[in-house]
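Observations on the three-dimensional arrangement
One-letter residues, chain by chain:
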Amino acid sequence: EDQVTQSPEALRLQEGESSSLNCSYTVSGLRGLFWYRQDPGKGPEFLFTLYSAGEEKEKERLKATLTKKESFLHITAPKPEDSATYLCAVRRNTGTASKLTFGTGTRLQVTL
Amino acid sequence: EAGVTQFPSHSVIEKGQTVTLRCDPISGHDNLYWYRRVMGKEIKFLLHFVKESKQDESGMPNNRFLAERTGGTYSTLKVQPAELEDSGVYFCASSQGRESSPLHFGNGTRLTVT
């Protein structure tokens, strides 16, 4: 069974204090690892898809990396507006490739 | 472009009643998904439509849940009769036909069964 474990559960940073969120996964035949951002009362908002070990994607202050066992979401010089829950999900190799398995997320709070 | 729209945003019903959730996907998206998050748990897959056909319904909890997608456009998820454990946030997502296309989520329907 596919498993996704995110750590830490919660993280509090000061503005400008860089850090990384971790997503460890177990999946048979990875067909994509996804990062989403979720604000309170909203649905998950797509950030990145990574497909193979060594791949990196960047968007503003966020950079996602992937190894064979885990992915990191690096946040450089965060701002208060980066506060949100960050979700990691994996898609396995199936005929339909429809099903995402999510982690429980990391709640990030960035303070002034 | 308009995003995925879900109605209602909140619903409070009593155990034994029926509730129908609606999802309007992004125009042109053939793939439509339902996911659910119960309190304290991760978001879990319920089912996947390709146009009007159910492609994968392996995540549906039991036969009290019925999903339909009329004419390959909007979708409804009916819970009948509702039980206390059905409480949670129900998310709908849609994607284009390519396998690499990311899922775009709606803001969810928060269902509370009392």
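Summarised in this report is the structure supplied together with it. (Residues numbered from 1 in each chain as written. Chains lettered and ligands numbered in written order. Predicted model: local features only at pLDDT ≥ 70, side-chain atom pairs only at ≥ 80, totals over all residues. Heavy atoms only, no water.)

A word on the sheet that holds strand E8 (residues 75-79) of chain B
Residues and elements named next belong to chain B. Spatial strand order, E1-E3-E8-E7: four strands in an open sheet with antiparallel pairing. Strand pairing shows two members of the sheet lacking a second neighbour, strand E1 (5-7) and strand E7 (65-69), which therefore form its edges. Averaged over neighbouring strand pairs, the angle between their axes works out to 15° when direction is ignored. Where E7 meets E8, five bridges bridge the pair, whose relative direction is antiparallel. (Pairing = 2+ DSSP bridges. Helix = DSSP H or I, 4+ residues; strand = E, 2+ residues; numbered from the N terminus. Axes fitted to C-alpha atoms, helices over the stretch in contact; angles between N-to-C directions.)

With respect to the interface of chain B and chain A
Taken together, the contact pairs 20 residues of chain B with 20 residues of chain A. Of all residues in chain B, Ile43, Glu99 and Phe105 of chain B give up the largest surface area on contact with chain A, accounting jointly for 29% of the area buried on that side. Counting every contact that joins chain B to chain A gives one salt bridge. Of the charged contacts, one joins Lys99 of chain A and Asp56 of chain B as a salt bridge, the two residues approaching to 3.9 Å between their closest N and O atoms. At the junction of chain B and chain A, the tally comes to five residue pairs in polar contact (both at pLDDT 80 or more). Those elements that place two or more of their residues in the side of chain B that touches chain A are strand E4 (31-37), strand E5 (43-50) and strand E6 (53-56) of chain B. (Contact = heavy atoms within 4.5 Å. Buried area = accessible area lost by both parts, 1.4 Å probe. Salt bridge = Lys/Arg side-chain N within 4 Å of Asp/Glu carboxyl O. Polar contact = N/O pair within 3.5 Å; in protein donor to acceptor, adjacent residues only side chain to side chain.)

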